[in-house]
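As a plain string of letters, each chain reads:
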Amino acid sequence: VTDTGDTAWVLIATALVILMTPALGLFYAGLVRSKNTLNTFMMCLAALAVATVMWAAVGYSFAFDEGNGFIGGFGHAFLNDVALEPREGTTIPHLLFMAFQASFCIVTVALISGAVVERMRFAPFLVFAALWSVLVYAVLAHWVFGGGWLQEAGTLDFAGGVPVEMGSGFSALAAALVVGARKDYGRQALLPHNAVYVLLGAGLLWFGWFGFNGGSGLSAGDSSVLAFTNTLLTPAATLVVWFGLDLMRGRQVTAIGAATAIIVGCVGITPAAGFISPGWALALGAIAALPSYAVIVWRPRTRVDETLDVLAAHGVAGLTGILFIGLFAQSSWNGVADGLFYGDAGQLAKQALAVAVTPAYAFAATFVILRAIGLVMPLRATEHEESLGMDIVQHGEEAYVTGEGALLMAPDGLPEDERVAS
Amino acid sequence: LKLVIAIVRPEKANDVLEALYRAEIRGVSMSRVQGHGGELERVETYRGTTVKMGLSEKVRFEIAVSEEFVQTTIDALCEGARTGEVGDGKVFVVGLERAVRIRTGETDQSAVTPVSK
């Protein structure tokens, strides 16, 4: 039966997660150069459009319909049989469950754009978003949430460490390799143009994450309270450690570093949110900072222009969180399973399985999808277009336009004064 | 003593700085300006409003040099700023009456010679 309290909370949580996509747009837009502000934001908005439509068409069915261990069937295609009765095993309407899960697919598609901003053309990105949401996101979600083989094998993932975080992170690496580096990468300093956007975006993402993790218990019950509270604790611990790392490395605590730390902490707790104690959540926050920080320092020294470090912030931190469950899950808190330190070494093996297969599938599938799109249309803008900026080239708009010297055009294409004269 | 003024594309500003650096021209100021040369206007649309952007973003370099550096400076500016498309910009050379280095009070020739160390 439907529980009104559970339903009320998941309704709100869904809206919170939907907010994360424009928040990510703001975060990403601040990190790029001003001439690419709108294009970067638009890639995130594109995910809201394309991923939602694809999710309703087939994505939800592939993820959550019964099928085989790898992928769901077509039983819920075009939302067939998705109505107001509670979804099996939950106390919320099936339709709401679908919407809540849709919000995860949307933000994950938006995340990958961080790897290809400032040079990928908009049209092929739309095609990519459509294909990726169905062929990668829905498949990975089926594996851990929809009765797929990882879930059968006992892998625990509370809110999306596998499909969302590792899925986007390792796909981002593949996307960066296929699309290639920006023309000025490694030659010129390519700096964030608005650190305030970055901070505000990170803050709004954290806010939305309370719905992301807190809603993933699909109830207003104990596991949601635990996940919600851990979503406060872990990023706070990551921030503190990140401040320390910044101080040791450069003698100053940086704002963009702080924004990054918030994301890393939120990602780290995502898979573990409802499975570990608040104390271990604090420890996870501190530990998760280390590998992500290392990758962020190391990556720009390579030729790989994974522009906004989706791999470090999401792939690596998600992987850390997934493994952490295998060590410190505690059935006295979660009522489900214990990790190595609470007596079940087997859980760690189940978590390690996900860590082994998820990056491989995400990387390979993304690589093939982008190569295939590249056969049909050029993936990236020309060097000249890249130097003009993607806002003008792809959208015919600028983020910071003054209007000075702009002449109004009449609908038929002639400037107003010429039309009057003729 | 001459003042070399160049109006170039903003996306070529880094290349110009690089070319000037290689030509060992160190005293430079640059500013963002808006201007109009012969280039085709771009059309932008904001909701229902379509506009022709008459002014383009440009970057203006100002470099004070002694006579023997004028040609080097012009060459470096052209090399750094040229794309071959309409809208690459202009270089203007004007006479300069006096120059004073504020720190030392040096004038003219020695004021525009970079400090050697």
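Novice: Teacher, can you tell me more about the sheet that holds strand β1 (residues 2-8) of chain B here?
Specialist: Working definition: the strands of a sheet are paired by backbone hydrogen bonds and lie parallel or antiparallel to each other. All names here are of chain B. Read across the sheet, four strands follow the order β2-β5-β1-β6 without closing on themselves; strand pairing throughout is antiparallel. The two strands at the open ends of the sheet, each matched to only one other strand, are β2 (29-35) and β6 (89-95). Adjacent strand axes in the sheet meet at a mean angle of 20°, parallel and antiparallel pairs treated alike. Pairing geometry for β2 and strand β5 (residues 56-65), over seven bridges, is antiparallel. Counterpart to Gly-35 in the pairing with β5 is Ser-56. Sheet strands touched by helix α1 (residues 13-22): β1, β2 and β5. Its angle to β5, the strand with the most contacts, is close to 15°.

Novice: How should I be thinking about the nonpolar core in this particular structure?
Specialist: Nonpolar side chains in soluble globular proteins tend to end up buried together. Membership of the largest hydrophobic core comes to 128 residues, with the highest contact counts inside it found for Phe-27, Trp-55 and Phe-212 of chain A. In terms of residues, this core owes the most to one element, helix α4 (residues 122-144) of chain A, which gives 15 residues. Residues in contact with Phe-27 of chain A, not counting those within four places in the same chain, are Tyr-197, Val-198, Gly-201, Ala-202, Leu-205, Ala-259 and Ile-263 of chain A. Val-16, Val-70, Ile-74 and Leu-77 of chain B belong to the second largest nonpolar core, which has 17 residues in total.

Novice: Explain the interface of chain B and chain A to me, please; I cannot follow it from the model alone.
Specialist: Accessible area lost during the coming together of the parts is what is often quoted as the interface size. Counting residues at the interface gives 16 residues for chain B, matched by 17 residues for chain A. When the buried area of chain B at its contact with chain A is split by residue, Glu-11, Tyr-46 and Lys-52 of chain B rank highest and sum to 33% of it. At the boundary of chain B and chain A, one finds two salt bridges. Salt-bridge contacts for Glu-398 of chain A lead to Arg-42 of chain B; the nearest nitrogen and oxygen are separated by 3.0 Å. For the pair chain B and chain A, the number of links is five residue pairs in polar contact (both at pLDDT 80 or more).

Novice: Sorry if this is basic, but what is going on with the pattern of salt bridges here?
Specialist: Oppositely charged side chains are able to pair whenever their charged atoms sit close together. In the structure shown here, the tally under the stated rule is 20 salt bridges over all chains. Between Arg-182 of chain A and Asp-305 of chain A there is a salt bridge whose closest N-O contact spans 2.8 Å. Of this pair, Arg-182 of chain A sits in the loop between α6 (161-179) and α7 (195-214) while Asp-305 of chain A sits in the loop between α10 (278-298) and α11 (310-328), placing them 123 residues apart in sequence. With relative accessibility at 8%, the residue Arg-182 of chain A sits in the buried group. Between Glu-18 of chain B and Arg-22 of chain B there is a salt bridge; the shortest N-O distance is 3.7 Å. Here Glu-18 of chain B and its partner Arg-22 of chain B are both found in helix α1, four residues apart, which amounts to about one turn of the helix. Judged by its relative accessible area of 36%, Glu-18 of chain B is partly exposed.

Novice: Which parts of the structure should I look at to understand the sheet that holds strand β1 (residues 406-408) of chain A?
Specialist: With antiparallel pairing, three strands are arranged side by side in an open sheet as β1(A)-β4(B)-β3(B). Every other strand in the sheet has two partners, leaving β1 of chain A together with β3 (42-46) of chain B as the edge strands with one partner each. Strand-to-strand twist of the sheet, defined as the mean angle between neighbouring strand axes without regard to direction, takes the value 35°.

Novice: For this particular structure, what's the right way to read the packing of α4 of chain A against helix α13 (residues 345-376) of chain A?
Specialist: The packing of two helices is summarised by the inter-axis angle and the distance between the axes. All names here are of chain A. Contact geometry for α4 and α13: axes closest at 10 Å, N-to-C directions at 155°. Taken together, the axes of α4 and α13 lie roughly antiparallel to each other. Here α4 and α13 pass one another in a crossing that is right-handed. Along its contact with α4, which presents Pro-124, Val-127, Phe-128, Leu-131, Trp-132, Leu-135, Val-136, Val-139, Leu-140 and Trp-143, the element α13 presents Val-357, Thr-358, Tyr-361, Ala-362, Ala-365, Thr-366, Ile-369, Leu-370 and Ile-373.

Novice: Can you walk me through α11 of chain A in this structure?
Specialist: Spacing of three or four residues puts side chains on the same side of an α-helix, whose turn is 3.6 residues. Across its 19 residues, α11 of chain A extends 26 Å between first and last C-alpha, which sits within 8% of the 27 Å expected from 1.5 Å per residue. Within α11 of chain A, 16 of the 19 residues are buried, leaving the element largely enclosed by the surrounding structure.

Novice: So what exactly am I meant to see when it comes to the packing of helix α1 (residues 4-31) of chain A against α7 of chain A here?
Specialist: All names here are of chain A. Contact geometry of α1 with α7 gives a least axis separation of 7 Å together with a crossing angle of 155°. Judged by the angle between their axes, α1 and α7 are roughly antiparallel. Judged by the sense of rotation from one axis to the other, the crossing of α1 with α7 is left-handed.

Novice: Is there a simple way to explain the environment of Cys-78 of chain B in this structure?
Specialist: For Cys-78 of chain B, the position within the fold is in helix α2 (residues 70-81). Each C-alpha atom of the pair Cys-78 of chain B and Lys-90 of chain B lies 8.7 Å from the other, and the pair is twelve residues apart in sequence.

Novice: Please clarify how the pairing of β1 of chain B should be interpreted in this entry.
Specialist: Consecutive side chains of a regular strand alternate in pointing toward one face of the sheet and then the other. Residues and elements named next belong to chain B. Burial runs high along β1: six of the seven residues are buried. The pairing of β1 with β5 spans seven bridges and is classified as antiparallel. Its bridge partner lying in β5, Val-4 is registered against Ile-63. Pairing of β1 with β6 involves seven bridges; the strand directions are antiparallel. Residue pairing in the sheet places Lys-2 in a bridge with Gly-95 of β6.

Calculation notes
Residues numbered from 1 in each chain as written. Chains lettered and ligands numbered in written order. Predicted model: local features only at pLDDT ≥ 70, side-chain atom pairs only at ≥ 80, totals over all residues. Heavy atoms only, no water. Pairing = 2+ DSSP bridges. Helix = DSSP H or I, 4+ residues; strand = E, 2+ residues; numbered from the N terminus. Axes fitted to C-alpha atoms, helices over the stretch in contact; angles between N-to-C directions. Contact = heavy atoms within 4.5 Å. Core = buried A, V, L, I, M, F, W, Y, C linked by side-chain atoms within 4.5 Å. Buried < 20%, exposed > 50% of the residue type's maximum accessible area, 1.4 Å probe, protein only. Buried area = accessible area lost by both parts, 1.4 Å probe. Salt bridge = Lys/Arg side-chain N within 4 Å of Asp/Glu carboxyl O. Polar contact = N/O pair within 3.5 Å; in protein donor to acceptor, adjacent residues only side chain to side chain. Parallel < 35°, antiparallel > 145°, perpendicular 65-115°, else oblique. Left-handed = near helix turned anticlockwise from the far one by under 90°. Expected span 1.5 Å × (residues − 1).

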